[in-house]
Amino acid sequence: MTLEVFLDDTPGETRGIIARNGRFERLIIQRDDEPLQNRLGSRSVGRVVQVEPGFSAAFVDIGAAGRPAFLPVVPGRLAREGEHLEVEVTAEPREQKGPTVRLLGPADGPPRLLEPGPDVRAELVRLAPSVTPVVGPAAIQASWDAEEEAMGQGGFFAETALDLAVQRTRAMVAIDIDYAHLPGRDARRGRLRANLEGIRHAARHIRLKNWGGLVAIDLVGSRHDAEAITAAARAAFDDPDAAFGPLNRFGVLQLSLPWRRMPVEERLRGWDGQQVLATTAIAAVRSLRMRMLQDRTTPRFTARCHPQEAAVVGPLAARLGPRAAVVADPTLRMGQAEIEES
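What you see is a predicted model, and the numbers here were worked out from it, not measured in a lab.

**Comments concerning the environment of Leu288**
Now for step 1: Its place among the elements puts Leu288 in helix 6 (residues 277–294).
Now for step 2: Sequence spacing of Leu288 and Glu340 is 52 residues, and the spatial spacing of their C-alpha atoms is 8.8 Å.
Now for step 3: Contacts of Leu288, omitting those with residues within four sequence positions, involve Phe301, Thr302, Ala303, Ala317, Leu320, Ala324, Ala325 and Ile339.

Encoded structure:
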């Protein structure tokens, strides 16, 4: 097994990428301007601003901009409005929801951050403790490649004739496994192999995308080895908090995964699917940094970009040093920055 770890520390955004046997497994993204209170694992003092007995939950102000945190009520302990509590983030914000937190105990004082959750470097150490992260141009390229796959919807894997579709709706994640039977191959054995590989790649895609919730996997074929399929799913979705249902008579396997990190597509585009200014601006800074690392002899590189982007790129590019410059160009569209030698 080959494990590769990459750290892309671009001004404005840090990314950690993990690849196993040449396939991307993790893409962790943290931005400099995001409230630390909302980061996975952060501990804060919060104030209960609303109690919802019907949902067995409360909403807690933890001192971050945006929607309050969601606190599932501990059995036997009903939160009181105005109460101050120490809480820890167990799931980052997604869609139009605030973070989810768990109760640690009573607290005093105004809502505030006590301890931020692990940063990208610490997460890479936790997930791959024996591997030194690769930095520089190789890390930037891995960042781009991992992003492209994370924003995709599956793919075709020629070695097993597997055709995989991975899609997320508001209600669930839907996985469709298909098999392109080739003449001369054992169809039954090929379908089983496609199902087993499909489950493995589906789990990898879901980890890469930072998805959770209900997952339905539509297997290829009608007669399945339920024991082999279930064992493969438990191994692929290696999570102590995952819950597995039985393989039903329609050939659909269902499971439930915990939400933890903000989905990659929401981090990059916003919950409503619209590309956010920060994403295109940081992309320009990343491209500028790549050129500077690849060519250390050219005195200066200029990022020419849309005026709105230039206003964001400027302060970030300044952190790259005197070789980086930014020019606002109203003839360019958002997301179409050009890097020039100057």
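**Section: the pairing of strand 17 (residues 324–328)**
Now for step 1: Two elements, strand 16 (residues 301–305) and strand 17, share 5 bridges in a ladder whose sense is parallel. Its bridge partner being in strand 17, Phe301 is matched across the sheet by Ala324.

**What about unusual backbone geometry?**
Now for step 1: The residue Glu95 is not glycine, and still its phi comes out positive at about 50 degrees.
Now for step 2: Tracing the chain through its elements places Glu95 in the loop between strand 7 (84–91) and strand 8 (100–106).
Now for step 3: On the basis of relative accessible area, Glu95 is assigned to the partly exposed category, the value being 25%.

**As for the sheet that holds strand 16**
Now for step 1: Read from one edge to the other, the open sheet built from 3 strands follows the order 17-16-18, with strand pairing classed as mixed. In the strand order of this sheet, the two ends are held by strand 17 and strand 18 (338–341), each with one partner. Shown here is a sheet whose adjacent strand axes are inclined to one another by a mean of 30 degrees, direction ignored.
Now for step 2: Packing against the sheet, helix 7 (residues 307–318) makes contact with strand 16 and strand 17, and its axis sits at approximately 165 degrees to strand 17.

**Description of empty space enclosed by the protein**
Now for step 1: Considering all chains together, one arrives at 2 cavities of 30 Å³ or more under this definition.
Now for step 2: Considering only residue class, the lining of the largest cavity consists of 7 nonpolar, no polar and 1 charged.
Now for step 3: Reported here for the second largest cavity is a volume of approximately 40 Å³.
Now for step 4: Lining the second largest cavity are Leu27, Ile29, Asn210, Arg261, Met262, Val264 and Arg267.

The rules behind the values
Residues numbered from 1 in each chain as written. Predicted model: local features only at pLDDT ≥ 70, side-chain atom pairs only at ≥ 80, totals over all residues. Heavy atoms only, no water. Helix = DSSP H or I, 4+ residues; strand = E, 2+ residues; numbered from the N terminus. Contact = heavy atoms within 4.5 Å. Pairing = 2+ DSSP bridges. Buried < 20%, exposed > 50% of the residue type's maximum accessible area, 1.4 Å probe, protein only. Axes fitted to C-alpha atoms, helices over the stretch in contact; angles between N-to-C directions. 1 Å grid on protein atoms, 1.4 Å probe; cavity = no way out; pocket = protein on both sides within 12 Å on 5 of 7 lines; lining within 4 Å. Points joined across faces, edges and corners; volume = space filled by probe spheres on them. Nonpolar A, V, L, I, M, F, W, Y, C, P; charged D, E, K, R; others polar.

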